[in-house]
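Working through the structure, step by step
Now for the letters of each chain:
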Amino acid sequence: MPIFTNPAAIWGTLIFLGLIAVYLYRRRSRNYVVSSLMFFAKSKSTAEGGQKIHKLQLPLIFFVEFLILLFFILAIANPMSLQKGQLVPLTVVLDDSVSMTAGGEGFSPRSQAVRFLEEHLFSEKIYRITIVKAGRVPTLVGKRDMTGTEAANALQNWDCRSVATAINEAVAHGISVSSEDAVIFVVTDHPKADSENENIKWLSFGKPLENMAITAAHRSASGRVDRCFFEFSNFSDKTKELDAEIIDLSSGSVIERISGSVSAKSSRRAILKISDQNAAIKAVIKNDAVAYDNEAVLLPVIKNKVKVAIRLSDANLADAVKRAVKATELSIITNTEPDLLICDDNGTADKQQLLGKVVIYNASQPAFIKEIAVNGSEHQITSDLPGVDALWAADANMKPRGEILIAGGLVPLLWIENDNNNYPTIGMNYCHGSSNLHQTNFWPVLFYNIIDWTSQRLSGPNNSNFRSGSRVEFYSDRNLDKISITNKDKPSETEQYNVQNGKSFFYASNSGLYEITAGDKNYNISINLCSYEESDLTKADYKVELPEIISDENMSHFENVKWWFIILAFILMLVHQWLISRGRAGYAF
């Protein structure tokens, strides 16, 4: 079926009014009986027009004239038809972010987008469709060059559960897997992004909504109690009431109720001390319509002890390190199969058994270092370190490899590097005999951070609670080659990941409770959304325009077929002339 690219030609249908008027005002003759024609000079044909309206007559010749005009109008409308064997390439990029589900079933941006795609794109038989899902990484949905029916079925895999959506990367991926002249439709709830590529069309189905959300959830061990932190954020432009509860999932009891006003564009924080360190804690907002960010679950903190071996030739240094390690309460000091080895530059250990090593380089000619600065403050080893108010003696000529975490001017004092076996070594440039650093608060906090960081590399996940989009690291037996991740709410959702050198990782893309199976061991983790980007719905946008089926970009797939209608019109004009030539005066076919 041809597609008409000049819709303005519809105004040509007004000419039918003139045609109908001719037949409405058609003059009729009357029959008179006379005695003779001798007084009539000549006979006269009946006029076709008149001034009075008569009952409309629709003879055969009217329909012929109507079709002639119609075919000429259709030819002016510039009809185009697909060339034989050709289909228009179409790529649809789907925003897989959680915010696409805001508004409830049937009213969410995802629901509206599905209806639009099925009605206006997938129902057309001229497309070969490729779908790319924009999650953390672009993913091809279904196969390339699907029919409209296949594409509609593939939309069932669009679940909108991602946090970090790489739309630009997905568009680039869509371009790479499609034809050069493919038209790309980006389906999202965000405003249109600037692009110089005219082939990229933006379909935004969002709607600005007021939203209250849990934007942070954290749990840490502090001696014999756990500290839980929750942040409740109001993203609307006006003050809203908060009604929330903190629940002990083990007993189902409410630990604390949180209520009150939260100002526009601000947050309210709650910090709790939990005496039952084995209890799972849940926070829930009870008075917010956008459901996907109203809950957060914090599982018990993983508390595996790190086995530490101390092999230092300086007895005084060994004693200072031993006291700092014991104070952490995160470790067991041992000499066999350690997880962490603390040694001087002559210390050795079986690398296959180690998770990390701390090497303290004792300078023979130390210099006193001033203006000590923490370069890697974002690294866990140097986070929350107190200021250095002590004598730190070190080798001024030390030239280490790796990332420098603490330095005094140009002198590196603490650094971290990885060897070929992917086991990290922490280097420390320190002369114990000439320093009093071990007598300050800096010393135990540093070793606490080192051991806590090492504990995350023990067998199992590096933590039990994660924010969506963060990296989950898993450590296991080096003989294990795979681990599986199962959504506890949807057991059918199970994914497998490879293990290399006892280490695997994946990204916490979808919120929920999960079980990690590694051989005969199981571990539970919680993934909470906690995303400002997905919870802030004030910038959502709605702008949808009906797509142009034929554009300059895909014109090569079509051919102009106006000559079909022109030929038919000329054939009917010949028929019209034949009917006129056979007609008699006053007689209409």
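The structure this text deals with has already been given above.
Report follows, based on the coordinates.

Cut-offs and rules
- Residues numbered from 1 in each chain as written.
- Predicted model: local features only at pLDDT ≥ 70, side-chain atom pairs only at ≥ 80, totals over all residues.
- Heavy atoms only, no water.
- Helix = DSSP H or I, 4+ residues; strand = E, 2+ residues; numbered from the N terminus.
- Expected span 1.5 Å × (residues − 1).
- Buried < 20%, exposed > 50% of the residue type's maximum accessible area, 1.4 Å probe, protein only.
- Pairing = 2+ DSSP bridges.
- Axes fitted to C-alpha atoms, helices over the stretch in contact; angles between N-to-C directions.
- Polar contact = N/O pair within 3.5 Å; in protein donor to acceptor, adjacent residues only side chain to side chain.
- Contact = heavy atoms within 4.5 Å.
- 1 Å grid on protein atoms, 1.4 Å probe; cavity = no way out; pocket = protein on both sides within 12 Å on 5 of 7 lines; lining within 4 Å.
- Points joined across faces, edges and corners; volume = space filled by probe spheres on them.
- Nonpolar A, V, L, I, M, F, W, Y, C, P; charged D, E, K, R; others polar.

A rise of 1.5 Å per residue sets the reference length of helix H3 (residues 109-120), with its 12 residues, at 16 Å; its end C-alpha atoms lie 16 Å apart and thus fit the reference within 8%. Listing the buried residues of H3 in full gives Pro-109, Ser-111, Ala-113, Val-114, Phe-116 and Leu-117.

With that settled, the discussion passes to unusual backbone geometry. The backbone of Asp-145 sits at a positive phi, close to 55°, despite the residue not being glycine. Assignment of secondary structure puts Asp-145 in strand E5 (residues 138-146). Since its relative accessible area comes to 35%, Asp-145 is described here as partly exposed.

Next up on the list: the sheet that holds strand E29 (residues 494-498). Ordered by their spatial adjacency, 5 strands build an open sheet running E26-E32-E31-E28-E29, and the pairing between neighbours is mixed. Only two strands of the sheet have a single neighbouring strand rather than two, namely strand E26 (465-467) and E29. For this sheet, the mean angle separating the axes of adjacent strands, direction not counted, is 30°. Judged from the 7 bridges that link them, strand E31 (residues 512-518) and strand E32 (residues 521-528) form a sheet pairing that is antiparallel.

Here we take up the side chain of Ser-178. Mapping Ser-178 onto the fold places it in the loop between helix H5 (167-177) and strand E6 (183-188). Polar contacts involving the side chain of Ser-178 include one to the main-chain carbonyl oxygen of Gly-174, which spans 2.7 Å. Not counting residues up to four positions away in its chain, the partners in contact with Ser-178 are Thr-91 and Thr-130.

Moving on, we come to empty space enclosed by the protein. This model, assessed by the stated rule, comprises 1 cavity of 30 Å³ or more. The volume enclosed by the largest cavity comes to roughly 30 Å³. Lining the largest cavity are Pro-89, Leu-90, Thr-91, Arg-128, Thr-130, Arg-144, Asp-145, Val-177, Ser-178, Ser-179 and Ala-182. At the level of elements, strand E3 (88-95), strand E4 (127-134) and E5 are the ones that each hand at least two residues to the lining of the largest cavity.

Attention shifts here to the layout of surface pockets. If you add up the space inside the largest pocket, you get close to 1,600 Å³. Looking at the lining of the largest pocket, the elements that each hand over two or more residues are strand E8 (212-222), strand E23 (411-418), helix H7 (442-455), E26 and strand E27 (471-475). Its residues assigned to classes, the lining of the largest pocket shows 18 nonpolar, 20 polar and 12 charged. By volume, the second largest pocket is sized at about 700 Å³. In this structure, the second largest pocket is lined by 30 residues; those nearest its centre are Glu-495, Tyr-497, Tyr-507, Ser-509 and Asn-510. Of all the elements in the fold, those that place two or more residues in the lining of the second largest pocket are E4, E5, strand E28 (482-487), E29 and strand E30 (503-507). In terms of residue count, E5 provides more of the lining of the second largest pocket than any other element does, 4 residues in total. A class-by-class count of the residues in the lining of the second largest pocket yields 13 nonpolar, 10 polar and 7 charged.

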